[in-house]
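Now for the letters of each chain:
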Amino acid sequence: MLIAEDLPASSLFAKFQRVIADIAGVYPRAVLVGAAAAAQYIGSSNNPRITRDVDILLEEKDFSDFLEDEIPLETLTALERYFDDSDSANHSLKHKGTGIYVDLLSLESRPIRKNMIRHILENRKTATNRLKVQGRFIDILKPEYLIAMKLNRFSKKPGSERGQCDRVDILKLLKALGESLIAADHEIIKKVCNRNEAACYIKLLDDFETSKCE
């Protein structure tokens, strides 16, 4: 289990923690992914990349209920307590207290590969850790799976702005694992990545090892 950092409520990092806690109050089976998840491992002291939203992976039924406006009353009540409908076509929810956006993801989400998402949802116990944030619990993707998801986008357009953001996240995740004396399980990453993504990962590992020697 991971325990989120206790920071002043005025800090940006703390505002994201509030959003994550409120999501956990609405969707107990949600999985925290993306840059907001990476930041939990990287830690505020290591300057995690600034992101504009929180990425949440939902189980198929929760996502389908949301899209078809068939949300169970208990869930809908909690949802409306904390969130508004997004005013952006690229997001799903807007947190009332902070204005931070929340992207809801599923098997149908792009550009994430379906087989990767399916593997995560079918192997939740081994693919996630448990995060405690502001008294609530939410599953958070393990670093290896976060790296794999980021490799998916980085490998397609490594020179793009988003690709470079993913590169920074991957290198900082590797650094955080090293500082915690937990070695990254490279076999997990290879298992869920395709050949091109795996090749990109090997190159990033070389870059990481070179940066440690400089």
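Being a predicted model, the structure only gives us computed values, none of them experimental. (Residues numbered from 1 in each chain as written. Predicted model: local features only at pLDDT ≥ 70, side-chain atom pairs only at ≥ 80, totals over all residues. Heavy atoms only, no water.)

A.B. asks: Give me the overall build of the protein chain: which residues, what numbers.
C.D. replies: For the protein chain, the helix and strand inventory stands at 10 helices and 8 strands. In terms of C-alpha radius of gyration, the protein chain reaches 17 Å, essentially the compact-globule figure of 17 Å for 214 residues. Counting only C-alpha atoms and orienting by the principal axes, one finds that the protein chain spans roughly 55 × 40 × 30 Å. Among the 214 residues that make up the protein chain, the fraction classed as buried is 49%. Within the protein chain, contacts between residues at least 6 apart in sequence are counted, and of these 66% link residues at least 24 apart. Per element, the accessible surface of the protein chain, about 11500 Å² overall, is 50% carbon and sulfur. One way to put it: in the protein chain the 32 positive side-chain charges average out to a point 3 Å from where the 33 negative ones average out. (Helix = DSSP H or I, 4+ residues; strand = E, 2+ residues; numbered from the N terminus. Rg over C-alpha atoms; globule rule 2.2 N^0.38 Å. Buried < 20%, exposed > 50% of the residue type's maximum accessible area, 1.4 Å probe, protein only. Contact = heavy atoms within 4.5 Å. Areas by Shrake-Rupley, 256 points an atom, 1.4 Å probe, with all protein chains shown as cover. Lys, Arg positive; Asp, Glu negative; His and termini not counted. Charge placed at Lys NZ, Arg CZ, Asp CG, Glu CD.)

A.B. asks: Talk me through a nonpolar patch on the surface; I want residue IDs and the actual numbers.
C.D. replies: A cluster of nonpolar side chains, Met1, Ile3 and Phe137, forms an exposed patch at the surface whose accessible area comes to about 340 Å². The topology assignment puts Met1 in the segment before strand E1 (2-3). Residue class for Met1 comes out exposed when judged on its relative accessible area of 62%. (Patch = residues over 30% accessible without salt bridge, like charges linked within 9 Å, V, L, I, M, F, W, Y side chains within 5 Å. Salt bridge = Lys/Arg side-chain N within 4 Å of Asp/Glu carboxyl O.)

A.B. asks: Please give an account of a negative patch on the surface that cites residues and values.
C.D. replies: Taken together, the side chains of Glu68, Asp69, Glu70, Glu80 and Asp85 define an acidic patch exposed on the protein surface. Looking at where Glu70 falls in the secondary structure, it is placed in the loop between helix H3 (60-67) and helix H4 (73-82).

A.B. asks: Could you give an account of the pattern of salt bridges, naming the residues involved and the relevant values?
C.D. replies: Within this structure, the stated rule accounts for 14 salt bridges. Here Arg113 and Glu197 are joined by a salt bridge, their closest N and O atoms 2.7 Å apart. In this pair, Arg113 sits in the loop between strand E6 (101-105) and helix H5 (114-122) while Glu197 sits in helix H10 (residues 195-213), placing the two residues 84 residues apart along the sequence. The partner of Asp139 in a salt bridge is Arg130, with the nearest N and O atoms 2.8 Å apart. Arg130 gets classed as partly exposed once you look at its relative accessible area, which sits at 34%. Residues participating in the shared-partner salt-bridge network are Arg29, Glu59, Arg124, Arg130 and Asp139.

A.B. asks: Go over the confidence of the model for the protein chain with me, naming the residues and quoting the values.
C.D. replies: Put simply, the protein chain has an average pLDDT of 89, and 94% of its residues get 70 or more. Confidence, expressed as mean pLDDT per element, reaches its minimum in the protein chain at E1 with 76 and its maximum at strand E2 (residues 31-33) with 97. (pLDDT = per-residue confidence, 0-100.)

A.B. asks: Explain the side chain of Asp169 residue by residue, including any values.
C.D. replies: Of note, Asp169 is situated in helix H8 (residues 161-179). In this structure Asp169 comes out as buried when scored by relative accessible area, which is 1%. A polar side-chain atom of Asp169 sits 2.8 Å from a polar atom in the side chain of Lys150. Excluding its chain neighbours within four sequence positions, the residues that come into contact with Asp169 are Ala35, Ile42, Arg49 and Lys150. (Polar contact = N/O pair within 3.5 Å; in protein donor to acceptor, adjacent residues only side chain to side chain.)

A.B. asks: Describe the state of the cysteines, with residues and values.
C.D. replies: Applying the stated rule across the entire model yields 0 disulfides. Free cysteine Cys165: the closest other cysteine sulfur is in Cys200, separated by 16 Å. Look at Cys165 and you get partly exposed, because its relative accessible area is 23%. Between Cys200, a cysteine without a disulfide, and Cys193, which holds the nearest cysteine sulfur, the sulfur-to-sulfur distance is 9.3 Å. The class for Cys200 is buried, based on a relative accessible area of 15%. (Disulfide = S-S within 2.5 Å.)

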